[in-house]
Amino acid sequence: MEIESIQSGFKAITDILNRSLFKLGDFQVTVFSIISVLFYLVILFVISSLLRRILLKRLSGFYSSKIETILLLLHYFILTIGTLIILQSAGLDLSTLTVLAGAIGIGLGFGFQNVANNFISGLIILFERPIKVGDRIEIGEIMGQVMRIGLRSTTVLTNDNISIIIPNADFISDNVINWNHTDDIVRLRMPIGVSYESDPKKVVEILEAAIKDVEGVLKDRKSDVILDGFEDSSIKFYVRVWTQDFSQRPGIMKHNINMAIWEALKKENIQIPFPQMDLNIKKDL
């Protein structure tokens, strides 16, 4: 009796798995075929991802940004070809997918414009390389380091350790500031205002001496101080320094320079003025 009950239970499960759900052309879609296809797709994805990671690790020293792009495209190519092979091996006539492709085309026309736009933008980013992993960028109010570039979106990590997912289309349609597009060396510009009672030439000498020994300031690129103009209550200067060590942390670099400037001006009794307003009240006689 136990053997018969086991056999009947096994037969019931087999019947459920082999029950036809719907047809794609001459292909009968069953629960078993769906599970089989999903199983092989998961294996395909794991193998392709593992292969990409191994190759990326082995080839990371050779033009890493280009290698990463090639391996990412290779990953998607393997997934596409492997999916077609799996579907055909399962017995699906790929010619029946033309109907499905037509339905997807209609869907793109109505609801998937953004997805298609981001996908195409992702391909443009991967080939043109306006940004790459490791770059420090600004887009709108977002500032951070590029951690990952996908075909749909890009992940940016801010200095507050917050990951922001940005659609790729934004990088094509909006203005993007890439702090280290060609190299890691960047120049920081910081405004400073001093009192009109100060000697501009002396101020320039003091500021140049103050920033010379600040940590992170490059010695082989000239830092300078320029007189930018005359404000309502102050003489406006710009302190300009080059840095490489702090290209990903400009806020810390600005803090160090501002502290050095504050100490230098305080030592020389040079005032940093604040806006003032004179109010005259006239009384009727």
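Everything below is about the structure printed above this text.
Residues numbered from 1 in each chain as written. Predicted model: local features only at pLDDT ≥ 70, side-chain atom pairs only at ≥ 80, totals over all residues. Heavy atoms only, no water.

Engineer: I'd like a rundown of the packing of aromatic side chains, residues and numbers included.
Structural biologist: Evaluation of the coordinates by the stated rule reveals 2 aromatic pairs. Seen from their ring centres, F39 and Y40 are 5.5 Å apart, and the 70° between their planes marks the pair as edge-to-face. The ring centre of W242 lies 4.9 Å from the NZ or CZ of R221, which sits over that ring. (Phe/Tyr/Trp six-rings, centres within 6.5 Å; stacked < 30°, edge-to-face > 60°. Lys NZ or Arg CZ within 6 Å of the ring centre and 35° of its normal.)

Engineer: I'd like a rundown of the sheet that holds strand β4 (residues 142-149), residues and numbers included.
Structural biologist: The sheet built from 5 strands is open, its strands ordered β6-β5-β4-β3-β7 with antiparallel pairing. Edge positions in the sheet fall to β6 (163-167) and β7 (176-178), since each of these pairs with one other strand and no more. The sheet shows a mean angle of 40° between the axes of neighbouring strands, direction not considered. The sheet contact formed by β4 and strand β5 (residues 153-157) spans 4 bridges and is antiparallel. Of the residues in β5, the one forming a bridge with V146 is V156. (Pairing = 2+ DSSP bridges. Helix = DSSP H or I, 4+ residues; strand = E, 2+ residues; numbered from the N terminus. Axes fitted to C-alpha atoms, helices over the stretch in contact; angles between N-to-C directions.)

Engineer: If you had to explain the packing of helix α7 (residues 200-212) against helix α8 (residues 250-267) to someone new, which residues and values would you point to?
Structural biologist: Packing of α7 against α8 leaves a shortest axis separation of 9 Å and a crossing angle of 135°. By the criterion of interaxial angle, the relationship of α7 to α8 is oblique. Once α7 is placed against α8, the crossing between them reads as right-handed. Across from I206, L207, A210 and I211 in α7, the residues of α8 making contact are I257, A260, I261, A264 and L265. For the contact of α7 with α8, the per-class residue count stands at 9 nonpolar, no polar and no charged. (Parallel < 35°, antiparallel > 145°, perpendicular 65-115°, else oblique. Left-handed = near helix turned anticlockwise from the far one by under 90°. Contact = heavy atoms within 4.5 Å. Nonpolar A, V, L, I, M, F, W, Y, C, P; charged D, E, K, R; others polar.)

Engineer: So what's going on with the pattern of salt bridges? Residues and values would help.
Structural biologist: A side chain with one charge may pair with a side chain of the opposite charge, provided their charged atoms come close. Within this structure, the stated rule accounts for 5 salt bridges. When the shortest N-O distance is used, the salt bridge between K202 and E268 registers 3.8 Å. Here K202 is found in helix α7, whereas its partner E268 is found in the segment after α8, with 66 residues between them in sequence. D213 serves as the salt-bridge partner of K219, at 3.8 Å between the closest nitrogen and oxygen. Accessibility assignment for this pair places K219 and D213 in one class, exposed. (Salt bridge = Lys/Arg side-chain N within 4 Å of Asp/Glu carboxyl O. Buried < 20%, exposed > 50% of the residue type's maximum accessible area, 1.4 Å probe, protein only.)

Engineer: So what's going on with the side chain of T243? Which residues, and what values?
Structural biologist: Mapped onto the fold, T243 is located in strand β10 (residues 235-243). Judged by relative accessible area, which is 0%, T243 ranks as buried. Reaching out from T243, the side chain makes a polar contact with the backbone oxygen of G216 at a distance of 2.9 Å. Looking at T243, its side chain comes within polar contact range of the main-chain nitrogen of F246, at 3.4 Å. When sequence neighbours within four positions are dropped, the list of residues in contact with T243 reads D184, I185, V186, L188, G216, L218 and M253. (Polar contact = N/O pair within 3.5 Å; in protein donor to acceptor, adjacent residues only side chain to side chain.)

Engineer: Break down the side chain of N178 for me, citing the residues and quoting the values.
Structural biologist: With respect to the secondary-structure elements, N178 resides in strand β7. For N178, a relative accessible area of 17% gives the class buried. A distance of 3.0 Å separates a polar side-chain atom of N178 from the backbone oxygen of P130. A distance of 2.9 Å separates the side chain of N178 from the side chain of D135, its partner in a polar contact.

Engineer: Describe the pairing of strand β9 (residues 224-230), with residues and values.
Structural biologist: Direction of pairing for β9 relative to β10: antiparallel, over a ladder of 6 bridges. Counted as the bridge partner of V225 is V239 from β10. A loop of 4 residues connects β9 with β10, the two strands running antiparallel in sequence.

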